[in-house]
Amino acid sequence: MRRAIGGAGSWPSTTDTSGPGRSRTSPCGIRAALRVALGAGLLWRRTARPALALSALWALGVWTVGEGFGGLFMGGSDLLTGAPGAALLYALIALTLWSRPDRCGPSIADGGLLGGAVARWAWLILWVGTAALELEPAAQVPAAQLSNTGEGEPAVVAAVNHAVGGLISGWAAVFVVVLGLLQFAIGVGVLTPRTRRMALAAGIALAVATGLFGQDLGGLLTGHATDPGTGPPMVLFALTLWPRANILTELSPSVAHAPSPRSAVSGVGRV
């Protein structure tokens, strides 16, 4: 969201020299240490849940204060510029990964705090919502959006941004319509088991494409980035919704319903 909020999220210096021989740790250093602590807390079972809870609260605070609600109320905010905000996705993923022993299902999200149904509806709202943002007049100039992404980037990255922007400069209206329809289909497709994997795969592909070419991974190479953009967390969210294969039922229905060796032996004893 670096470009959507006008660079307001750039990192300040970690030290502040307020006088001769004086230095103190800035709030930026404290925030960085807190993020490292939250990440480390996810590695141990005992601290995983408190870390997830604090991560969700922290992410929502960043989304509202630091990102200005992901720039959703600013003109020109859409999927290419990082809507709906990476921090919101982090909070959503934290709630999805919060496991509950009394829940289970074919995906990770089914066993999470939100449950599979709520997580899938959240996916639908995210994608249909970003599709609606394509209707804004400022979002209907994708060539300029892609070209402007290269500002402050290394020459090679900026050249790629300008090349991609030049490719669609004469097809702006078609590009916006196709992009909006694709986002809508990705959101709605996750509700039906038959199209769920296809929708999630398309969502992963589109998130990678927009994250690389539309956001340059949040501008990591500029030295002023605060996050890698919405591409990586959107991919992670898709993976939590991905149905895990049931080998017995998918390979052969006869194998899935075949009697176990123990039941077969007991059946022989009754004859």
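Use the structure listed above.
Since we're looking at a predicted model, the values are computed, not measured.

### Things to note about the pattern of salt bridges
Then step 1. Overall, the coordinates contain two salt bridges when judged by the stated rule.
Then step 2. Between D110 and R120 there is a salt bridge, and its shortest N-O distance comes to 3.5 Å. Taken together, the residues span a long stretch of sequence, with D110 in the loop between helix 3 (86-97) and helix 4 (116-133) and R120 in helix 4 at a distance of 10 residues.
Then step 3. For R120, a relative accessible area of 14% corresponds to the buried category.

### Points about the packing of aromatic side chains
Then step 1. A full pass over the atoms with the stated rule returns four aromatic pairs.
Then step 2. Measuring from ring centre to ring centre gives 6.0 Å for F69 and F73, while their planes differ by 80°; the resulting arrangement is edge-to-face.
Then step 3. An aromatic cluster of at least three residues, connected via ring pairs, comprises W63, F69 and F73.

### Description of the packing of helix 4 against helix 10 (residues 231-241)
Then step 1. Two numbers describe how helix 4 lies on helix 10: the axes approach to 10 Å, and their chain directions differ by 145°. Helix 10 is crossed by helix 4, and the crossing has left-handed handedness. Contacts between helix 4 and helix 10 pair A119, R120, A122, W123, L126 and W127 from the former with M234, F237, A238 and L241 from the latter.
Then step 2. Each residue belonging to the contact of helix 4 with helix 10 can be placed in one class, and the counts come to nine nonpolar, no polar and one charged.

Rules behind the numbers
- Residues numbered from 1 in each chain as written.
- Predicted model: local features only at pLDDT ≥ 70, side-chain atom pairs only at ≥ 80, totals over all residues.
- Heavy atoms only, no water.
- Salt bridge = Lys/Arg side-chain N within 4 Å of Asp/Glu carboxyl O.
- Helix = DSSP H or I, 4+ residues; strand = E, 2+ residues; numbered from the N terminus.
- Buried < 20%, exposed > 50% of the residue type's maximum accessible area, 1.4 Å probe, protein only.
- Phe/Tyr/Trp six-rings, centres within 6.5 Å; stacked < 30°, edge-to-face > 60°.
- Axes fitted to C-alpha atoms, helices over the stretch in contact; angles between N-to-C directions.
- Left-handed = near helix turned anticlockwise from the far one by under 90°.
- Contact = heavy atoms within 4.5 Å.
- Nonpolar A, V, L, I, M, F, W, Y, C, P; charged D, E, K, R; others polar.

These figures capture arrangement, not role.
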